[in-house]
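Tertiary structure, described
Each chain is listed here by its residues.
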Amino acid sequence: MIPLLSLYVLLRGDIRKVTYGNALAVYGQSGQMREADWLEPAAIDQRTLYQGNTILRGGQSPRVE
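These numbers were taken from a predicted model, which means no experiment stands behind them.

We now examine the pattern of salt bridges. Per the stated rule, a full pass over the model turns up 3 salt bridges. The partner of Arg 47 in a salt bridge is Asp 45, and the shortest N-O contact between them spans 2.8 Å. A relative accessible area of 53% places Arg 47 in the exposed class. For Asp 45, a relative accessible area of 30% gives the class partly exposed. The partner of Glu 65 in a salt bridge is Arg 63, with the nearest N and O atoms 2.9 Å apart. By relative accessible area, Glu 65 is classed as exposed at 56%.

Right, here's the structure in full:
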């Protein structure tokens, strides 16, 4: 049954809607997720500390973009 349903969704061209669009619509209503969150990512600055801790281990150099 699942392969038949998958084929039907594929033939209709609804893959993007089912795998991406529905989640974006649901979580977008509450503001938990926006498409811009991953299309326009925040700058990377590994010098930032989180509760006094760094994500760098073993003397790694921080990445800043």
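On we go.
To continue, consider unusual backbone geometry. You will see that Gln 51, though not glycine, has its phi angle at about 55°, which is positive. Judged by its relative accessible area of 84%, Gln 51 falls in the exposed class.

Definitions and cut-offs
Residues numbered from 1 in each chain as written. Predicted model: local features only at pLDDT ≥ 70, side-chain atom pairs only at ≥ 80, totals over all residues. Heavy atoms only, no water. Salt bridge = Lys/Arg side-chain N within 4 Å of Asp/Glu carboxyl O. Buried < 20%, exposed > 50% of the residue type's maximum accessible area, 1.4 Å probe, protein only.

Any functional reading would require information that these geometric values do not contain.
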